[in-house]
Amino acid sequence: MKKQMKNMPAIQEDAEAEQTAPKAGDILNEQDAFLLKNSRNIIEGLGRHLIEERRLKEQALQESDRHKQRADDMAEEAKQAHADARRKDEIINRKDEEISRMRAESERKDAAHAEEISRMRAENLAIRKAAVTYLHETSAARNGKNTSAPPAIPEILNTPKARTLLGKLREGQILDEHWQPLGLSNAERGIVAQYISGQLGIAAQWQTFGSLWNMKPETLRRAAAKALDQRKTLDFQELLKGLLRA
């Protein structure tokens, strides 16, 4: 009996330990709960991952659509720019053709105008030659043979350049071999004096040619000044220019 009483605390401790020790079923339930929780966390994580993946895919698709739309817009802009450039080229080509046509027409008119001027100059020269010949013949018939000596020619008109110039003016029936005018009006004489003086560098032009042609220098100067605005003398100046360029 005493022995049993002695062993009672140990038995009681074992019983308490057995009561406090986890049972096999409880351990399994905790493991299942842990696994279930972990599984739930994993599933939720996978769900979030899938949602994020889907969002990124949609974002990528939207970005791709925007890039595609932008590429289509740029292609359309390039196409429109190309069409505009082609239209501009066509306009430029048409303008170039029009300019070429107008230039050709202008050149044709200029050539016709130059030909007409040349013809009129030739006619004027022929008329002048005929008039000079007539004046010479009538003067000879009226006055008989002229025995007077030709006027003295100034040294400035006796140079090689002056003689070449005189040859051109004689060919045009403007002056004779003695530098005398052939049927020229006072206005035309003034113009000839100016042109010759300009070619030969004669400073005292009115005194030089007034003395040579037996005219007052002031009369020659006034006649030249008056001739500047006359249509007839403008044609005469063109005739002179043509002769001196030849």
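The rules we used
- Residues numbered from 1 in each chain as written.
- Predicted model: local features only at pLDDT ≥ 70, side-chain atom pairs only at ≥ 80, totals over all residues.
- Heavy atoms only, no water.
- Helix = DSSP H or I, 4+ residues; strand = E, 2+ residues; numbered from the N terminus.
- Expected span 1.5 Å × (residues − 1).
- Buried < 20%, exposed > 50% of the residue type's maximum accessible area, 1.4 Å probe, protein only.
- Core = buried A, V, L, I, M, F, W, Y, C linked by side-chain atoms within 4.5 Å.
- Contact = heavy atoms within 4.5 Å.
- Axes fitted to C-alpha atoms, helices over the stretch in contact; angles between N-to-C directions.
- Left-handed = near helix turned anticlockwise from the far one by under 90°.
- Nonpolar A, V, L, I, M, F, W, Y, C, P; charged D, E, K, R; others polar.
- Salt bridge = Lys/Arg side-chain N within 4 Å of Asp/Glu carboxyl O.
- Arc of directions from axis to C-beta.
- Lys, Arg positive; Asp, Glu negative; His and termini not counted.
- Polar contact = N/O pair within 3.5 Å; in protein donor to acceptor, adjacent residues only side chain to side chain.

Visitor: So what exactly am I meant to see when it comes to helix H4 (residues 186–200) here?
Guide: One full turn of an α-helix is made of 3.6 residues, so residues set three or four places apart face in the same direction. Here H4 contains 15 residues, and its C-alpha end-to-end distance of 21 Å stays within 8% of the 21 Å for a straight helix at 1.5 Å per residue. Taken together, the buried positions of H4 are occupied by Ala187, Glu188, Arg189, Gly190, Ile191, Val192, Ala193, Ile196, Ser197 and Leu200. Backbone geometry just after H4 places Gly201 at a positive phi near 70°.

Visitor: Just checking my understanding: could you explain the nonpolar core for this structure?
Guide: When a protein is soluble and globular, its nonpolar side chains tend to lie buried together. Ranked by size, the top nonpolar core spans 29 residues in total, and within it Ile174, Leu175, Val192, Ile196, Phe209 and Trp213 carry the most contacts. Looking at this core, the elements that each hand over two or more residues are helix H3 (160–171), H4, helix H5 (205–212), helix H6 (217–227) and helix H7 (231–245). If you tally residues by element for this core, the top one is H4, at 6 residues. Among residues more than four places away in sequence, those in contact with Ile196 are Leu157, Leu165, Leu169, Leu175, Trp179 and Phe209.

Visitor: Looking at this structure, how should I read the packing of H3 against H4?
Guide: Two quantities define a packed helix pair, namely the angle between the axes and the distance from one axis to the other. Interhelical geometry of H3 versus H4 gives an angle of 145° and a closest axis separation of 10 Å. Where H3 crosses over H4, the handedness of that crossing is right-handed. Where H3 approaches H4, its residues Lys161, Ala162, Leu165 and Leu169 are matched on the opposing element by Ile196, Gln199 and Leu200. Within the contact of H3 with H4, the residues separate by chemical class into 5 nonpolar, 1 polar and 1 charged.

Visitor: Whenever I open this one, the pattern of salt bridges confuses me. Can you help?
Guide: By the definition in use, this model includes 10 salt bridges. As a salt-bridge pair, Arg222 and Glu218 come within 3.0 Å of each other at their nearest N and O atoms. Of this pair, Arg222 and Glu218 both sit in helix H6, 4 residues apart, which is roughly one turn of that helix. We classify Arg222 as exposed; its relative accessible area is 56%. Its salt-bridge partner being Lys241, residue Glu238 comes within 3.9 Å of it at the nearest N-O pair. In this pair, Glu238 and Lys241 both sit in helix H7, 3 residues apart, roughly one turn of the helix. Residue Glu238 is classed as partly exposed on the basis of its relative accessible area of 33%. With relative accessibility at 34%, the residue Lys241 sits in the partly exposed group. A cluster of three or more residues bridged by salt bridges with shared partners is formed by Glu218, Arg221 and Arg222.

Visitor: Quick question: what am I supposed to make of H6 here?
Guide: Those residues of H6 not exposed but buried are Leu220, Ala223, Ala224 and Ala227. Buried residues along H6 cover an arc of 100° about the axis, so they all sit on one side. Looking at H6, the residues exposed on the side facing more than 90 degrees away from the buried face are Arg222 and Lys226. Against H4, H5 and H7 lie the buried residues of H6.

Visitor: What should I look at first to understand the environment of Gln237 in this one?
Guide: The topology assignment puts Gln237 in helix H7. Residues Gln237 and Glu188, spaced 49 residues apart in sequence, show a C-alpha to C-alpha distance of 8.5 Å. If near-sequence neighbours (up to four positions away) are discounted, Gln237 is found in contact with Ile191, Tyr195 and Ala227.

Visitor: Looking at this model, I keep getting lost on the side chain of Asp176. Mind explaining?
Guide: By secondary structure assignment, the location of Asp176 is in the loop between H3 and H4. No salt bridge is formed by the buried Asp176; the nearest opposite charge belongs to Arg170, separated by 6.7 Å. Polar contacts involving the side chain of Asp176 include one to the main-chain amide nitrogen of His178, which spans 2.9 Å. Among the polar contacts listed, one links the side chain of Asp176 to the backbone nitrogen of Gln180, at a separation of 2.8 Å. In this view, Asp176 contacts Leu166, Arg170 and Leu182; residues no more than four positions away in its chain are not counted.

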